[in-house]
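Chain residues, written in single-letter form:
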Amino acid sequence: MLAATLAALLAAAQTPAPTQTSPPPPAAPSPSTPVQLPPIPVPPAPAGTIILDPAHGGADRGAHSETSDEGAVEKDLVLTIATAMRRELERQGFRVILTRQTDADLAINDRAALANAIGGGFFVSLHVGSSGAPNTAQAYSFGTPHGGAPPAFLPRPPGIEAIRWDDAQSGYQISSRRFAELLQVELAQKLPHSPDVPKFAEVRQLRVVAHPAVAVELSSVAEDDTSALTKAAGPLSAALARAITVYRQSTGGRP
Amino acid sequence: MSRAFRITLLLLILAVLAGLLELPALRMQLLEFGRQEQSEEEARREVIRPVPEGREVRKEDVNIFWLSADDPSQLAPVKTSLALGADPQERARVALETLITGAPTADQRVLPFETSLLAFYLMPDGSAVADFSDALSLQLPSGIASEQLALDAITQTLHAAVPQALRLRILIDGHEAETLAGHVDLSSAFDLSQMAPQAPGPSAPSSASAQSAAPASPPGQPAKPPAATDQTKPAATKPPPRE
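Everything quoted here is computed from the prediction, not taken from an experiment. (Residues numbered from 1 in each chain as written. Chains lettered and ligands numbered in written order. Predicted model: local features only at pLDDT ≥ 70, side-chain atom pairs only at ≥ 80, totals over all residues. Heavy atoms only, no water.)

Caption draft 1: The overall build of chain B, seen in detail. Check the secondary structure of chain B and you find five helices and seven strands. For chain B, the succession of helices and strands along the chain, N to C, is α-α-β-β-α-β-β-α-α-β-β-β. When each of the 243 residues of chain B is scored for burial, the buried share is 44%. Long-range contacts, defined as pairs at least 24 residues apart, comprise 62% of the intrachain contacts of chain B with a sequence gap of at least 6. Total accessible area on chain B is roughly 13000 Å²; 59% of this is exposed by carbon and sulfur atoms. (Helix = DSSP H or I, 4+ residues; strand = E, 2+ residues; numbered from the N terminus. Buried < 20%, exposed > 50% of the residue type's maximum accessible area, 1.4 Å probe, protein only. Contact = heavy atoms within 4.5 Å. Areas by Shrake-Rupley, 256 points an atom, 1.4 Å probe, with all protein chains shown as cover.)

Right under this line is the structure:
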């Protein structure tokens, strides 16, 4: 009798009673069970996501004054403008990503890789040209000046989902053109004497981006006083914000 | 004073006198040589330019696309009388070299004057390759607008002179380049087949003269109606949009 009681007590001690308060320990993941990672928090961007690309950088100075080595250079101007635009656009509720925040010489494809890893954004490549009417801005979307795509946009074979890197923009030509048209209308209002309509240009940076994408070129480094260009960040931000808002209203929020 | 010494002294005096008499002529020759001195680039162009064959090549009018004299943000075709010949490669070479060096004014140049066309090939299927020296990349003002104008000038001038060329691939110093000068894509061939045919222009009074025509449509704009044959009216403009 005593032996039976001792055996029962030992068995009870080795087998803890289940409780309602402590959850069962998690089972070790088996090789066939995918690991559940916690979701990465993404900051809300109700107004939209903008990828701002200050062109050039590092040894690639871009456009510069023909008359003086001390004059302004494109790579510095666009970084200053893009940084100011980021502050302004974030204040308005946009999520803004810069392709470079320092004087780094990034390859065109590296900038595109960064942009293409982000879903649902608008890509804007910022430039300052060597000529043109002072303090004006011209928007470009990718295409030949005659409005067509270059022949290197190859048709995708049936059943092939992947697209060539060089054809990344092929699916976005219409949306990029729409984006450029809306932006140019705003630029013409906010930077007087800017053209009313965008142009097509075969800009390499736009070709490899899988977003509605435009390049904006301000004029120009040839001016004696380029401080007005850096002050263009305000009008540029306002034009961009307005163009994206109107675009998203027309597409139900989609880029 | 020995006789031999006197003879030597006399000869030296004669030599000095002869030298003094020759000096002005030498000076004139040096000045003339300085005037004729060519730049390295000009000399190279002369070396690579093939010697014309015996028979004379008939001159014809062709549109060369330089910057508009009225609006440097656009191209304007200028009817130019050139000895293009019949060989497509030779026609392309003459037209493109004229585009580089023959602008009516320096302000109308769209390609850097230092650029050389190193080679031009045209394959039977219409594929063309134009190999330019690196001055095209290095000396061209950086910017989307200036690079696109340079590219348009090349493709439209080539199309006007050699309509058989259907595609153009541009090389820089014999190598493929990602961009022209940092912006415009050079990684693939440009389609020339959709460009509107160039209307024949009126005869120019001389090979050295050229009449500036009305500005072409700016990039991205609808093209104007095709060419007028009156020299005082707009010449052939940019091709119409294509989708």
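Caption draft 2: Spatial organisation of the packing of aromatic side chains. Residue and element names in this part refer to chain A. Counted according to the given criterion, the structure contains three aromatic pairs over all chains. Between the aromatic rings of phenylalanine 179 and tyrosine 247, the centroid separation amounts to 6.4 Å while the plane-to-plane angle is 75°, which identifies the pairing as edge-to-face. Residue phenylalanine 179 is located in helix α4 (residues 173-190), and its partner tyrosine 247 is located in helix α7 (residues 233-251); the two are separated by 68 residues in the primary sequence. In this structure phenylalanine 179 comes out as buried when scored by relative accessible area, which is 0%. Cluster of aromatic residues (ring-pair linked, three or more members): Phe122, Phe179 and Tyr247. Sitting above the plane of the phenylalanine 200 ring, arginine 177 keeps its charged end 4.1 Å from the centroid. (Phe/Tyr/Trp six-rings, centres within 6.5 Å; stacked < 30°, edge-to-face > 60°. Lys NZ or Arg CZ within 6 Å of the ring centre and 35° of its normal.)

Caption draft 3: Quick peek at the pairing of strand β1 (residues 49-54) of chain A. Residues and elements named next belong to chain A. For β1, the tally of buried residues reaches six of six residues, placing the bulk of the element in the interior. Both faces of β1 are covered, namely the face carrying Thr49, Ile51 and Asp53 and the face carrying Ile50, Leu52 and Pro54. Pairing geometry for β1 and strand β3 (residues 121-128), over six bridges, is parallel. Along β3, the bridge assignment pairs aspartate 53 with serine 125. (Pairing = 2+ DSSP bridges.)

Caption draft 4: Fine view of the pattern of salt bridges. Scanning all chains against the criterion turns up 17 salt bridges over all chains. One salt-bridge network, in which partners are shared between bridges, spans A:Asp166, A:Arg204, A:Arg207, B:Glu178 and B:Asp185. (Salt bridge = Lys/Arg side-chain N within 4 Å of Asp/Glu carboxyl O.)

Caption draft 5: Representation of unusual backbone geometry within the structure. All names here are of chain A. Residues serine 219 and serine 220 are joined by a peptide bond in cis, for which omega reads -20°. Relative to the elements of secondary structure, serine 220 occurs in the loop between β6 (213-218) and α6 (227-230). Within the chain, histidine 193 stands out as a residue other than glycine whose phi angle is a positive 75°. Structurally, histidine 193 can be placed in the loop between α4 and β5 (199-201). The exposure class of histidine 193 is exposed, given its relative accessible area of 73%.

Caption draft 6: Representation of the sheet that holds β6(A). Strand order in the open sheet made by the six strands is β2-β1-β3-β6-β4-β5 (chain A), with mixed pairing throughout. Sheet topology places β2 (95-98) and β5 of chain A at the edges, where each strand pairs with a single neighbour. Averaged over all adjacent pairs, the angle separating strand axes in this sheet is 30°, with direction ignored. One ladder, built from three bridges, connects strand β4 (residues 137-142) of chain A with β5(A); its direction is parallel. Bridging across to β5(A), A:Phe142 finds its partner in A:Ala201. Sitting on the sheet, helix α5 (residues 144-161) of chain B is in contact with β3, β4, β5 and β6 of chain A, with an inclination near 105° to β6(A). (Axes fitted to C-alpha atoms, helices over the stretch in contact; angles between N-to-C directions.)

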